[in-house]
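# Remarks on the overall topology
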Amino acid sequence: MRIEDPKVVAALPELNVELRRAASLAELTSLAIGGTTDLLRIQKQESILGLLSLLDSHGVGHRFLGGGSNLLVGDGELPWVVVQLASPDPDIVLEGNFADVDAAADLGRTVTYCAKHDLGGMEGLIGVPGTVGGALRMNAGAYGMQIGSYVREVKYRHTSFAPDDMMLAVKLELPSKPYKEILQGIRICNEKRRSSQPLGQKSAGCIFKNPPGASAGRMIDELGLKGLNVGDARVSDRHANFFVNAGKASAQDMLALIADVRGRVRSAFSVELEHEVVIWNA
Ligand SMILES: Cc1cc2nc3c(=O)[nH]c(=O)nc-3n(C[C@H](O)[C@H](O)[C@H](O)COP(=O)(O)OP(=O)(O)OC[C@H]3O[C@@H](n4cnc5c(N)ncnc54)[C@H](O)[C@@H]3O)c2cc1C
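Residues numbered from 1 in each chain as written. Predicted model: local features only at pLDDT ≥ 70, side-chain atom pairs only at ≥ 80, totals over all residues.

Before going further, it helps to examine the overall build of the chain. Scanning the chain from terminus to terminus reveals eight helices and 15 strands. Taken over C-alpha atoms, the radius of gyration comes to 20 Å for the chain, in line with the 19 Å a tight globule of 282 residues would show. The burial tally for the chain puts 37% of its 282 residues in the buried class. Look at the contacts in the chain between residues 6 or more apart in sequence, and 62% of them connect residues 24 or more apart. (Helix = DSSP H or I, 4+ residues; strand = E, 2+ residues; numbered from the N terminus. Rg over C-alpha atoms; globule rule 2.2 N^0.38 Å. Buried ≥ 20, exposed ≤ 12 C-beta atoms within 10 Å, placed from the backbone. Contact = placed C-beta atoms within 7 Å.)

Near the ligand you find 33 residues, and of these Gly-66, Gly-130, Gly-133, Gly-134 and Gly-205 are the closest. For the shell around the ligand, the elements supplying multiple residues, two or more each, are strand 3 (62–65), helix 5 (132–138), strand 8 (141–142) and strand 11 (166–173). Looking at which element gives the most residues to the shell around the ligand, the answer is helix 5, with five residues. Here the shell around the ligand is built from residues that sort into 16 nonpolar, 14 polar and three charged. (Near = placed C-beta within 6 Å. Nonpolar A, V, L, I, M, F, W, Y, C, P; charged D, E, K, R; others polar.)

In this section: the domain arrangement of the chain. Segmentation of the chain into domains returns domain 1 (6–85), domain 2 (92–196) and domain 3 (202–280). Taken over C-alpha atoms, the centre of domain 1 sits 24 Å from the centre of domain 2. Contacts between the two partners involve 13 residues from domain 1 and, on the opposite side, 15 residues from domain 2. For the side of domain 1 that touches domain 2, the element with the most residues is helix 3 (residues 48–57), which contributes five residues. When its residues are assigned to classes, the side of domain 1 that touches domain 2 shows five nonpolar, seven polar and one charged. (Domains from an automatic or database assignment.)

Once that is clear, we can look at the nonpolar core. In terms of nonpolar packing, the biggest core is built from 74 residues, with Ile-33, Leu-72, Phe-243 and Met-254 touching the most fellow members. The dominant element in this core, judged by the number of residues it contributes, is helix 8 (residues 251–269), at six residues. For Phe-243, the residues in contact, after removing those within four places along its chain, are Ser-203, Ile-207, Ala-233, Arg-234, Val-235, Ser-236, Met-254, Leu-257 and Ile-258. (Core = buried A, V, L, I, M, F, W, Y, C linked by C-beta atoms within 7 Å.)

On to the pairing of strand 7 (residues 98–102), then. With four bridges joining them, strand 6 (residues 92–95) and strand 7 adopt antiparallel strand pairing. Residue pairing in the sheet places Leu-94 in a bridge with Ala-99 of strand 7. Connecting strand 6 to the next strand, strand 7, in antiparallel fashion are two residues, including Gly-96 with a positive phi near 60°. Here strand 7 pairs with strand 11 via five bridges, running antiparallel. Within the sheet, the bridge partner assigned to Phe-98 lies in strand 11 and is Glu-173. (Pairing = 2+ DSSP bridges.)

What follows covers the sheet that holds strand 2 (residues 36–42). Read across the open sheet, the four strands follow the order 1-2-5-3; overall the sheet is mixed. Edge positions in the sheet fall to strand 1 (17–24) and strand 3, since each of these pairs with one other strand and no more. Strand-to-strand twist in this sheet, taken as the mean axis angle between neighbours without regard to direction, amounts to 30°. (Axes fitted to C-alpha atoms, helices over the stretch in contact; angles between N-to-C directions.)

The next point concerns the sheet that holds strand 11. If you trace the four strands from one edge of the open sheet to the other, you get 6-7-11-10, paired in antiparallel fashion. Both outer strands of the open sheet, strand 6 and strand 10 (151–157), are each paired with one neighbouring strand and no more. The sheet shows a mean angle of 15° between the axes of neighbouring strands, direction not considered.

The next point concerns helix 4 (residues 107–116). Residues of helix 4 that are buried include every one of Leu-107, Thr-110, Val-111, Cys-114 and Ala-115, and no others. One side of helix 4 holds all its buried residues, which, seen down the axis, span an arc of 130°. Along its buried surface, helix 4 packs onto strand 6, strand 7, helix 5 and helix 6 (179–196). Looking one or two places after helix 4, you find Asp-118, whose phi comes out positive at around 60°. (Arc of directions from axis to C-beta.)

Let us now look at the environment of Gly-108. Among the secondary structure elements, Gly-108 is positioned in helix 4. Residue Gly-108 is classed as partly exposed on the basis of its C-beta count, with 17 C-beta atoms lying within 10 Å. Along the sequence, Gly-108 and Pro-129 sit 21 residues apart, while their C-alpha atoms lie 6.7 Å from each other.

Put into structure tokens, the structure is as follows:
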């Protein structure tokens, strides 16, 4: 979508919002799939309400983008604009066992920054790409931990016209642990990831949620579907719940592969797999 209305375009600099024309979502997502739209980068959090009400009053639909690591975005010209928070400096402030973190902060950097200050608990999240806001929205977790366990307060911007609230910042409470011990935990988690995930390839992490008491990846693997493909969209040979873009996969290819695998799992196990990946296809 292009923002055509000159009144909207003129109001953006006053709101400290940077307009990037025809941004490619393929370049902004880890799956490297997605069409183009105007991208609005918010430099000051105070501008969010003004921006969202401006977009709403001019009929411009929007989606919030974090780090783009859990998204499958549709092809071609997209029918909404994308709103993204720019990260302030500093984006993490520590006080005792509390960390006040901006939603736009990089998750991995947050984990290591806290670790260096002897604050642990989030070792499992090392290697999860994206922002702290995206991690909160998805309740990112791995190896028996979830970020939600450490959240004490979330600062939102709520408006009646936005489809979702935007998260601006979070207060985490983290257990004290010596840096060396945290580092050891980080190394173990890194090693587990390296040995089980297709890290060098373009993916969005797990495509499906694990059904209660079961593993989506194991079911897909048991059906012999590793390597199954539609065009360049492929079930990873390494981890059956990671679907990779092995070249120039389109959203259509990836959606067809997801539907195919879901159908086969339904037929074989009578289980309806739910998407973990967030699909922006309309
Ligand atoms: C190699 C790889 C490994 C991964 N491993 C894991 C793993 O172990 N565990 C795990 O849980 N996930 C994993 N993921 C998935 C992904 O990294 C996480 O879900 C991550 O937390 C998403 O953050 P993001 O900033 O990239 O969000 P995005 O992909 O940008 O957005 C995801 C959703 O959050 C919303 N959102 C983002 N920011 C905000 C905000 N500030 N306010 C409101 N809504 C917002 C978006 O609108 C969207 O609906 C992996 C992904 C990859 C590519």
